[in-house]
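One letter stands for each residue in the lines below.
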Amino acid sequence: MSEALLSTIRSLPDSPGIYQYFDTQGRLLYVGKAKRLRARVKSYWRFTPGLHPNPELGPRLQKMLAETSALEYILVESEEDALILENSLIKQLHPKYNILLRDDKTYPYLYLDEGVDFPRFELTRKVIPGKKIRYYGPFPTGARALLDALYFLYPLVQKAGCLRGKTACLFHQIGRCPAPCEGKISPQAYRRTIEEAKHSLQNLSLLTRKLEDRMLRLAQEERFEEAAKARDQITAISQLKIHSGIDLARQENLDILAIVPGEERGVLLRLFLREGRIVASSHSFFGDLEFFDQEEAYRQALLSYYGPETPRTAEGVILAHSLAGREEIERTLREILGWPLKLLDPRRGPKARLKELALTNAEELLKQRKETTQETRAQEIRKLFGLERLPQRIEVFDNSHLMGEAPVGAMVVWDTDKWDKTSYRRYRLESRDEYHQMMEMLQRRIKEFDQESPPDLWLLDGGETLRRLAEELLRDAGVNLPVLAIAKEKIDAKAHRAKGAARDLLHGPDGEIRLDPNDPRLQWLQRLRDEAHRFAIAYHRRRKRTNDKKISLLEKKGIGPATVRRLLDYFGSFEAIEKASEEDLRHAAGERIARLLRSAS
């Protein structure tokens with residue numbers, strides 16, 4: 001162990017903060033928090049005869065400390081601040097030895113503003129301003145189907161714009177809206193319909209029975225398209241609920257959280273109990289169990305899920321396992337949320353049975369979970385490139401342009417065994433060459449890591465030069481994220497994409513790898529790359545069509561192609577040309593062109 005590390009440990013202040021361990025190459029190994037930095041960090045080590053890891057620690061920490069070369073720390077004002085900062089850094093920087101859970105989604109809620117005469121049910125993922133806002137949920141799946149079912153079954157104001165009009169619309173003619181815009185219903189009568197809809201939201205089985213009756217009626221009337229819609233709503237709503245015979249005898253609102261490691265993977269399960277009934281559930285799987293720490297996992301899950309925008313729909317969270325730092329997390333959550341959220345550890349009674357229900361369902365999910373072909377491929381890629389973590393979530397980047405024109409970038413996302421199309425991103429780029437286009441795109445993605453955590457792997461369409469560029473950008477940001485690149489085989493200077501025949505080159509941290517064109521591992525990475533290429537090309541074509549229209553308009557004003565090119569080279573984009581001052585336009589293309597451009601705009 002180095003003298004510098006020993007010196008840093010001995011000079012640590014006895015204050016709250018977070019500490020970070022690094023290896024000899026400057027890669028982040030671990031982020032931890034402490035109420036008293038000096039005492040916490042010293043507990044990892046023994047100082048005689050020389051600095052060495054505490055032998056009482058578990059194998060995971062022993063291995064981590066054996067790789068440690070340097071220590072850095074950040075002081076904060078309180079233990080709560082340390083907890084918040086620790087969680088933020090783990091999500092942003094991906095330390096090697098911290099567990100990474102991917103359950104920080106904001107689930108949709110249904111809400112109702114009961115402070116207006118004719119309220120409507122709406123979807124939201126955050127707190128809505130208002131004194132009489134009522135929330136229902138969250139609903140990890142089926143929220144849209146639930147909302148549509150309410151408007152399908154009950155005569156409610158169907159569109160927000162309806163109340164601004166003065167004439168009843170088609171919805172009133174077909175019996176779906178009571179037309180308050182024409183004064184055909186009083187607020188008191190409308191409120192009775194709202195109360196019926198609220199009751200069905202709290203009794204999902206009642207809602208599905210109503211949908212089944214409506215579906216049969218529609219089928220008898222040969223209105224098969226509407227009947228099919230009702231059938232799909234029934235399916236989506238039925239998937240929301242875990243059936244339980246547990247009766248709390250009180251209409252409590254609680255969340256239940258269970259995190260259970262299995263042999264090959266673990267599962268995080270949430271149950272949502274509203275007014276004494278379980279209304280929804282969600283779960284996500286995680287791998288890399290060698291990094292698993294139960295206390296850290298619960299801490300991360302709680303701080304990731306409950307944020308400033310979380311609606312106040314639960315009074316407490318039942319935890320399936322006991323936590324040593326439960327009170328500390330409670331204080332931190334109160335600081336974040338602005339209201340108290342109790343963390344419960346019941347030992348007997350109905351709440352303890354809810355805990356057992358969560359554990360039973362979590363263990364059942366682990367038993368039912370079968371490894372997919374895609375997960376097998378991910379394991380093979382991990383082994384092939386010696387990756388620290390299983391690449392379950394992969395971001396794939398490509399850019400597209402035509403001789404520097406209409407440059408765009410695209411990011412597609414593969415998550416476990418499917419495309420996560422809600423996470424796809426398009427980038428409008430300014431740079432004229434591929435190297436700087438990729439740099440621009442990756443820099444913008446890195447800036448978003450505090451909002452959307454990094455994946456397990458980056459895959460770039462390109463060669464070793466671009467891969468090293470990405471590594472440098474990530475190193476500068478302090479992010480521990482592996483990067484692979486796949487370079488298209490060129491035949492007669494043209495990219496060759498024939499399936500099963502393209503000899504694409506793979507570039508990883510340890511150099512170039514050549515695989516047979518029929519190798520499933522190569523074909524899997526090609527599939528990821530080709531999706532990014534498709535997405536980028538589609539966006540490029542759309543931008544180019546827009547630019548072509550702008551060129552045509554400029555040519556009609558007497559500005560020729562050569563001048564357009566000169567302007568684009570100078571300003572970088574049509575948007576920049578449109579925003580440019582007259583003085584800049586004169587400098588770039590002369591008085592006449594500046595005058596023509598001003599008249600064109």
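Residues numbered from 1 in each chain as written. Predicted model: local features only at pLDDT ≥ 70, side-chain atom pairs only at ≥ 80, totals over all residues. Heavy atoms only, no water.

**Observations regarding the overall build of the chain**
Here comes step 1: Counting its secondary structure elements, the chain contains 20 helices and 23 strands.
Here comes step 2: Burial analysis of the chain (601 residues in total) assigns 52% to the buried set.
Here comes step 3: Of all intrachain contacts in the chain linking residues separated by at least 6 positions in sequence, the fraction that spans at least 24 positions is 64%.
Here comes step 4: Put simply, the chain shows about 29300 Å² of open surface, and 48% of that area lies on carbon and sulfur atoms. (Helix = DSSP H or I, 4+ residues; strand = E, 2+ residues; numbered from the N terminus. Buried < 20%, exposed > 50% of the residue type's maximum accessible area, 1.4 Å probe, protein only. Contact = heavy atoms within 4.5 Å. Areas by Shrake-Rupley, 256 points an atom, 1.4 Å probe, with all protein chains shown as cover.)

**Digging into the nonpolar core**
Note that soluble globular proteins tend to have their nonpolar side chains buried in a common cluster.
Here comes step 1: Formed by 80 residues in total, the largest nonpolar core has its most connected members in Phe 121 and Ile 259.
Here comes step 2: Residue contributions to this core peak at eight residues, all from helix H5 (residues 143–153).
Here comes step 3: In this structure Phe 121 touches Tyr 111, Leu 112, Tyr 136, Leu 147, Leu 150, Tyr 151, Leu 156, Ile 194, Ala 197, Lys 198 and Leu 201, once residues within four positions along its chain are discounted.
Here comes step 4: Core analysis: the next-biggest nonpolar cluster, separate from the first, contains 31 residues, Val 76, Ala 82, Met 438 and Met 441 among them. (Core = buried A, V, L, I, M, F, W, Y, C linked by side-chain atoms within 4.5 Å.)

**A word on the confidence of the model for the chain**
Here comes step 1: The share of residues in the chain with pLDDT of 70 or more is 87%, and the mean pLDDT across the chain is 86.
Here comes step 2: Across the chain, the element-wise mean pLDDT spans from 52 in strand S21 (residues 494–495) up to 97 in strand S18 (residues 457–461). (pLDDT = per-residue confidence, 0-100.)

**Re the sheet that holds strand S5 (residues 70–75)**
Here comes step 1: Across the sheet, which stays open at both edges, the three strands sit in the order S2-S1-S5 with antiparallel pairing between neighbours. Bordering the open sheet on either side are strand S2 (28–34) and S5, each of which pairs with just one other strand. Averaged over all neighbouring strand pairs, the angle between strand axes comes to 20°, with direction disregarded.
Here comes step 2: Its contacts with the sheet place helix H4 (residues 79–93) against strand S1 (17–22), S2 and S5, and it is angled at close to 165° to S2. (Pairing = 2+ DSSP bridges. Axes fitted to C-alpha atoms, helices over the stretch in contact; angles between N-to-C directions.)

**Observations regarding the state of the cysteines**
Here comes step 1: Within this structure, the stated rule accounts for zero disulfides.
Here comes step 2: For Cys 181, which is in no disulfide, the shortest distance to another cysteine sulfur is to Cys 177 and amounts to 6.3 Å.
Here comes step 3: Residue Cys 181 is classed as partly exposed on the basis of its relative accessible area, which comes to 21%. (Disulfide = S-S within 2.5 Å.)

**Here we look at the side chain of Ser 423**
Here comes step 1: The residue Ser 423 is located in the loop between strand S16 (418–419) and strand S17 (425–428) in this model.
Here comes step 2: You can call Ser 423 buried: its relative accessible area is 7%.
Here comes step 3: In this structure the side chain of Ser 423 is engaged in a polar contact, spanning 3.0 Å, whose partner is the side chain of Arg 393.
Here comes step 4: Once residues lying within four places of it in the same chain are set aside, the contact partners of Ser 423 are Arg 393, Met 411, Val 413 and Glu 452. (Polar contact = N/O pair within 3.5 Å; in protein donor to acceptor, adjacent residues only side chain to side chain.)

**Examining the sheet that holds strand S8 (residues 133–136)**
One key point about sheets: their strands pair by backbone hydrogen bonds, in either a parallel or an antiparallel sense.
Here comes step 1: Strand order in the open sheet formed by three strands is S7-S6-S8, and the pairing between neighbours is antiparallel. A single partner strand is all that each edge strand has here, and the edge strands are strand S7 (121–124) and S8. Neighbouring strand axes in the sheet, compared pairwise and without regard to direction, differ in orientation by 35° on average.
Here comes step 2: Here four bridges tie strand S6 (residues 109–113) to S7, and the two strands are oriented antiparallel to one another. Bridge assignment links Leu 110 to a residue of S7, and that residue is Leu 123.

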